[in-house]
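# Architecture at a glance
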Amino acid sequence: MHELSLAHSLVEVVEESALKAGARRVTLVTLKVGELSGVAVAALQFAYELVTADTLLAGSRLETRSVPVTVYCPRCDREGALASAQRFRCPVCDAPTGDVRAGRELEIETIEVE
Ligand SMILES: [Zn+2]
C-alpha cells in the first residue's frame, strides 16, 4: 500500500525536524497534496494514525490541502487551473497543453510542536 510507506517517510521527516527543534510532541502536520500526486487522502489519514503510534507524532492531526492542477498555455501566455485533471486543456482558450506548473506536489507545509 503506497500510502503506508508514504506515511512512514512522512513520520521520519517530521520526527527529525521536531527533534532538531527540541520538541517533545508534534501536534499538527499540514501537507500540500497535488491533485496529480496520486495520493488517496483517506488512505493516507488511516495510515498516518497507524504509523504515528509510539512516535513523537502520536495523537497529532494530519491536515491536507489539495493543490489544483495548473497548466501553462503558450497561446494565452498565462497559467490557469484545470477544470478537470482528466482534461489537459487551457481553461481559457481550450488549447491542449501538457505543461504542468502545479499539482504534482506532496510537501509538508507546516509542523506544530510542543
Ligand atoms: Zn490558452
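The structure presented is a predicted model; accordingly, all values stated were derived computationally and were not measured. Starting afresh in each chain, residues are numbered from 1 along the sequence in its written order. In keeping with the predicted nature of the model, local features appear solely for residues at pLDDT of at least 70, side-chain atom pairs appear and are counted solely at 80 or more, and the whole-chain, interface and lining totals rest on all residues. Computation of side-chain values covers all heavy atoms of the structure but excludes hydrogens and water.

Moving on, we get to the sheet that holds strand β4 (residues 78-81). DSSP calls a pair of strands paired once it identifies at least 2 bridges connecting them. Helix numbering and strand numbering both begin at the N terminus, where a helix is a DSSP run of H or I of at least 4 residues and a strand a DSSP run of E of at least 2. A sheet is described by the order of its strands in space; here 3 strands give the open sequence β4-β3-β5, paired in antiparallel fashion. Since the sheet does not close on itself, it has two edges, and those belong to β4 and β5 (100-102), each with one partner. On average, each strand axis in the sheet is inclined to that of its neighbour by 40 degrees, with strand direction left out of account. Two elements, strand β3 (residues 70-73) and β4, share 4 bridges in a ladder whose sense is antiparallel. Structural elements are reduced to axes, namely lines fitted to C-alpha atoms, with helices fitted over the stretch in contact, and the angle between N-to-C directions of any two is expressed from 0 to 180 degrees.

Turning to the sheet that holds strand β6 (residues 106-113), a few remarks are in order. The 3 strands are arranged β2-β1-β6 in an open sheet whose pairing can be described as mixed. Sheet topology places β2 (61-67) and β6 at the edges, where each strand pairs with a single neighbour. The sheet shows a mean angle of 20 degrees between the axes of neighbouring strands, taken without regard to direction. Here 7 bridges tie strand β1 (residues 26-34) to β2, and the two strands are oriented parallel to one another. Residue K32 lies in a different strand from β2, and its bridge partner there is R65. Helix α1 (residues 2-20) rests against β1, β2 and β6 of the sheet, and its axis sits at about 45 degrees to β6. Its contacts with the sheet put helix α2 (residues 41-52) on β1 and β2, and the angle it makes with β2 is roughly 160 degrees. Here a residue-residue contact requires only that any non-hydrogen atoms of the pair lie within 4.5 Å.

By definition, a salt bridge exists where a carboxyl oxygen of Asp or Glu is found within 4 Å of a side-chain nitrogen of Lys or Arg. Scanning all chains against the criterion turns up 9 salt bridges. With a closest N to O distance of 3.6 Å, K32 and E107 form a salt bridge. Placement of K32 in strand β1 and of E107 in strand β6 is noted, with a sequence separation of 75 residues between them.

A separate point is the side chain of S60. Within the secondary structure, S60 sits in the loop between α2 and β2. Judged by its relative accessible area of 12%, S60 is buried. The definition of a polar contact used here is a pair of N or O atoms within 3.5 Å, where within protein one atom must be able to donate a hydrogen and the other to accept one, and adjacent residues in sequence count solely through side-chain atom pairs. At 2.7 Å, the side chain of S60 forms a polar contact with the side chain of Y48. In contact with S60, other than residues within four places in its own chain, are V26, T27, L28 and Y48. Summary of the burial criterion: residues with accessible area below 20% of their type's maximum are buried, those above 50% are exposed, and those between are partly exposed, where the area comes from a 1.4 Å probe applied to protein chains only.

To continue, consider the UniProt feature "binding site: Ni(2+)" (unreviewed entry) in the protein chain. UniProt positions are given in the numbering used here, feature names are shortened, and annotations may be inferred rather than shown by experiment. Here the UniProt feature "binding site: Ni(2+)" (unreviewed entry) sits at H2. Here H2 is to be found in helix α1. With a relative accessible area of 45%, H2 lands in the partly exposed category. Once residues within four sequence positions are removed from consideration, H2 is found in contact with G38 and V39.

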